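The chain contents come next:
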Protein chains: 2
Amino acid sequence: MQRIGEPVVERGVCEQRFDVECQGRRVPALLWTREGGGEAPLVLLGHGGSLHKRADYILATARRLVRHHGVSALAIDGPGHGERRADGGSDPQAAGRDFEKSWQRPETSDETIADWKAALDAVEREVGTGPVGYFGLSMGTMMGLPLIAAEPRIRAAVLGLMGTWGPNAARLREDAPRLACPVRFLVQWDDEIVPRQHVLELFDLVGSARKSLRAHPGVHVAVPPAEMRDVADFLAAHLKDL
Amino acid sequence: MQRIGEPVVERGVCEQRFDVECQGRRVPALLWTREGGGEAPLVLLGHGGSLHKRADYILATARRLVRHHGVSALAIDGPGHGERRADGGSDPQAAGRDFEKSWQRPETSDETIADWKAALDAVEREVGTGPVGYFGLSMGTMMGLPLIAAEPRIRAAVLGLMGTWGPNAARLREDAPRLACPVRFLVQWDDEIVPRQHVLELFDLVGSARKSLRAHPGVHVAVPPAEMRDVADFLAAHLKDL
């Protein structure tokens, strides 16, 4: 873990920028912990396509986890996103245009799993963690679902806004039945990006006995604020019961 | 309202059996209120097919509404069910066999709306109520969805385990777009009675902007206990905000 800059503390939340090296790749990451630290459950936060590790809803979820539940949070920039881009991820439209390109190599999914594991290993080594959860919607599910299938440390997850669709569809279809932890799956009923039938099909394939689906009207990005806040509460409740 | 017997009080919940007359029909009903009474929001509880107004989950929801939230509850026996049967509803298998027969007359849906309105009128006249909610799964949705479309006093609902299916399908399809209040819709992903595609289609037709769907794995009757408890909490929260 190569710390970048000093930790920034805001209303009890300590935010530390760091990099990890993984298979020759530099993985930009952020860690949020309680001021004063100490071992705690950890939630991995996977951002959506065209966004980055400090997107508004990622930051809000991280702060809610730390402040309301004493749970730490870790985010990385996904492949071809955020600080991995020449423009630093400052232009979401440019990142959106490059979305397909970011996932066009078949190795991308395995490399992303390795990146997450490297970041998680670094955090466990340096600050310790308890049980681990995962939250990621849309591209966050493209990154996270194969990770959860490969990573027994992850014990609860919130996924969604993704289906048997897009550049990682075959892998999602293959890995979904391997999921065994509790999974909450969010669906936007009028999703204009990922067709509803593909989203429902991916939920159907998830192997966990303790899975549940929550759907709301509206377009891809219009998940109701109360449902977004409940993500942190759901994961914290599950991780604290372990 | 013709009271039948004395009210029974158990751990703060007063339960009163009564009948109302409606278009020549005797409608058997139960009212649960806080001991000591007073105006309060009211939730109508519509039981499922083969069951009756005091089925276990109806009684548990009524008691939770009163004890946790100070919200009253009202249940009636549906058409051809409970005390409307010669056997008094004591044999769910016999009632189940007669389920289709109970709904075979095209007038049944309108008569059931009238029965509910008569019971609600009687309760409002005699004990007063605040805002009104509705909870009914399976046949409880067959009874309740057309009622909600016809009854502006109902301001929030939990429905589900029903689709564009069964003896009242045409009416459900017709009335669903008229719903305007917040609706939570429960789905059992492996429903062996009502095919999933018909359940999702009915949710799709519900006109409310504030609708949401919650699905869990398992058969028709296997709604998780935590989700069943949350029904009372959801309705009470909505009715108290009005």
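Fair warning: this is a prediction, and the values are worked out from it, not measured in the lab.

S.K.: Mind laying out the interface of chain A and chain B, listing which residues take part and the relevant values?
M.R.: Contact residues are listed per partner, giving 13 residues for chain A and 13 residues for chain B. Approximately 1,200 Å² of surface area, both sides summed, lies buried where chain A meets chain B, with 61% of it carried by carbon and sulfur atoms. Of all residues in chain A, A:Trp189, A:Leu213 and A:Pro217 bury the most surface against chain B, accounting for 39% of the area lost on that side. Across the contact surface, chain A and chain B share 2 salt bridges. Put simply, B:Arg196 and A:Asp204 hold a salt bridge, and the shortest N to O gap is 3.4 Å. Taken together, the links from chain A to chain B amount to 6 residue pairs in polar contact (both at pLDDT 80 or more). If you list the elements that add at least two residues to the side of chain A that touches chain B, you get α7 (196–205) and β10 (211–216) of chain A. Top contributing element to the side of chain A that touches chain B by residue count: β10(A), with 6 residues. The residue inventory of the side of chain A that touches chain B, partitioned by class, reads 7 nonpolar, 2 polar and 4 charged. One ladder, built from 3 bridges, connects β10(A) with strand β10 (residues 211–216) of chain B; its direction is antiparallel.

S.K.: Kindly report on the nonpolar core, identifying the contributing residues and their values.
M.R.: The biggest cluster of nonpolar side chains holds 96 residues, and the ones touching the most others in it are A:Leu44, A:Tyr134, B:Leu44 and B:Tyr134. In contact with A:Leu44, other than residues within four places in its own chain, are A:Leu74, A:Trp116, A:Leu120, A:Val132, A:Gly133, A:Tyr134, A:Phe135, A:Leu147 and A:Ile154.

S.K.: I'd like a rundown of helix α7 (residues 196–205) of chain B, residues and numbers included.
M.R.: For α7(B), the set of buried residues is B:Val199, B:Leu200, B:Leu202 and B:Phe203. End-on, the buried residues of α7(B) take up no more than an arc of 155°, which puts them together on one face. Against α7 and β10 of chain A together with α5 (139–150), α6 (169–175), β9 (183–188) and β10 of chain B lie the buried residues of α7(B).

S.K.: For unusual backbone geometry, give the residues involved together with the corresponding values.
M.R.: For residues besides glycine, phi is generally negative; the peptide bonds are generally trans as well. Residue and element names in this part refer to chain A. A positive phi angle, near 80°, is found at Ser-50, a position not held by glycine. With respect to the element layout, Ser-50 can be found in the loop between β5 (42–46) and α1 (56–69). A relative accessible area of 15% means that Ser-50 is categorised as buried. A positive phi is found at Ser-138, a non-glycine position, where the angle reads about 60°. Tracing the sequence through the fold places Ser-138 in the loop between β7 (132–136) and α5 (139–150). Under the relative-accessibility criterion, Ser-138 is labelled buried at 15%.

S.K.: Go over the pairing of strand β8 (residues 154–160) of chain B with me, naming the residues and quoting the values.
M.R.: Residue and element names in this part refer to chain B. For β8, the buried fraction is high: 6 of the 7 residues fall into the buried class. Pairing analysis gives 4 bridges linking strand β7 (residues 132–136) to β8, with the strands arranged parallel. Bridging across to β8, Val-132 finds its partner in Ile-154. Handedness of the β-α-β unit built from β7, α5 and β8 comes out right-handed. Pairing analysis gives 4 bridges linking β8 to β9, with the strands arranged parallel. Residue pairing for β9: Leu-159 is matched across the bridge by Phe-185.

S.K.: Mind laying out the packing of helix α4 (residues 108–127) of chain B against α5(B), listing which residues take part and the relevant values?
M.R.: All names here are of chain B. α5 packs onto α4 with a crossing angle of 70° between their chain directions and a minimal axis gap of 9 Å. Classified by the interaxial angle, the pair formed by α4 and α5 is roughly perpendicular. Judged by the sense of rotation from one axis to the other, the crossing of α4 with α5 is right-handed. Between α4, through Ser-109, Thr-112, Ile-113, Trp-116 and Lys-117, and α5, the contact on the second element is made entirely by Met-143, Pro-146, Leu-147 and Ala-150. Considered class by class, the residues forming the contact of α4 with α5 number 6 nonpolar, 2 polar and 1 charged.

S.K.: Describe the relation of the copies chain A and chain B, and please don't skip the residues or the numbers.
M.R.: In screw terms, the move from chain A to chain B is a rotation of 180° and a rise of 0.0 Å along the axis, fitting with an RMSD of 0.0 Å. When the rotation and shift are considered jointly, the pair of chain copies conforms to a two-fold rotation axis. Every residue of chain A has its C-alpha some distance from the rotation axis, and the shortest such distance is that of A:Arg214, at 2.3 Å. Mapped onto chain B, 100% of the interface residues of chain A again fall at the interface, so both copies present the same surface.

S.K.: Go over the packing of helix α1 (residues 56–69) of chain B against helix α8 (residues 225–240) of chain B with me, naming the residues and quoting the values.
M.R.: Residues and elements named next belong to chain B. The interhelical angle for the contact between α1 and α8, taken along N-to-C directions, is 45°, at an axis separation of 9 Å. Here α8 runs oblique to α1, going by the angle between their axes. For the pair α1 and α8, the crossing hand works out as right-handed. Counting all contacts with α1, which are made through Tyr-57, Thr-61, Arg-64, Leu-65 and His-69, the residues of α8 involved are Met-228, Arg-229, Val-231, Ala-232, Asp-233, Ala-236 and Lys-240. Residue composition of the contact of α1 with α8, grouped by class: 6 nonpolar, 2 polar and 4 charged.

S.K.: Explain the side chain of B:Asp175 to me, and be specific about the residues and the numbers.
M.R.: Residues and elements named next belong to chain B. Turning to its location among the elements, Asp-175 is positioned in helix α6. On the basis of relative accessibility, which here comes to 2%, the residue Asp-175 falls in the buried class. Apart from residues lying up to four places away in sequence, Asp-175 is in contact with Leu-145, Pro-146 and Ala-149.

Cut-offs applied
Each chain has its residues counted from 1, following the order in which its sequence is written. Here every chain gets a letter starting at A, and every ligand a number starting at 1, in the order they are written. Local features in this predicted model are restricted to residues whose pLDDT is 70 or higher, and side-chain atom pairs enter the listing and the counts only when it is 80 or higher, whereas totals over whole chains, interfaces and linings include all residues. To obtain the side-chain values, all non-hydrogen atoms of the structure were included, while hydrogens and water were left out. We call two residues in contact when some of their heavy atoms are within 4.5 Å. Here's the idea: put two parts together, see how much 1.4 Å probe accessible area each one loses, and the total over both is what we call buried area. A pair is scored as a salt bridge if a Lys or Arg side-chain nitrogen falls within 4 Å of a carboxyl oxygen belonging to Asp or Glu. The definition of a polar contact used here is a pair of N or O atoms within 3.5 Å, where within protein one atom must be able to donate a hydrogen and the other to accept one, and adjacent residues in sequence count solely through side-chain atom pairs. In this text, helices come from DSSP runs of H or I with a minimum length of four residues, and strands from runs of E with a minimum of two, each type numbered from the N-terminal end. Throughout, the ten residues Ala, Val, Leu, Ile, Met, Phe, Trp, Tyr, Cys and Pro are labelled nonpolar, Asp, Glu, Lys and Arg are labelled charged, and all others, Gly among them, are labelled polar. Only when DSSP finds a minimum of two bridges between them are two strands counted as paired. Side-chain atoms within 4.5 Å link the members of a nonpolar core, which is a set of buried Ala, Val, Leu, Ile, Met, Phe, Trp, Tyr and Cys residues. Note on classification: 1.4 Å probe, protein chains only; a residue is buried when its accessible area is under 20% of the maximum for its type, exposed when over 50%, partly exposed between these limits. Summarising the geometry, the arc corresponds to the directions from the helix axis toward the C-beta atoms. Clockwise travel from the first strand over the helix to the second, with the strands pointing away from the viewer, marks a crossover as right-handed. Only C-alpha atoms enter the line fits that serve as axes; for helices the fit covers just the stretch in contact. Angles between N-to-C directions range over 0 to 180 degrees. When describing relative orientation, an angle under 35 degrees is termed roughly parallel and one over 145 degrees roughly antiparallel, while 65 to 115 degrees is termed roughly perpendicular and anything else oblique. Here a crossing is taken to be left-handed if its near helix is turned anticlockwise relative to the far helix by less than a right angle, and right-handed if that turn runs clockwise. Residues below a pLDDT of 70 in either copy are left out; the C-alpha atoms of the rest, at least 70 in both, set the least-squares superposition of the copies.

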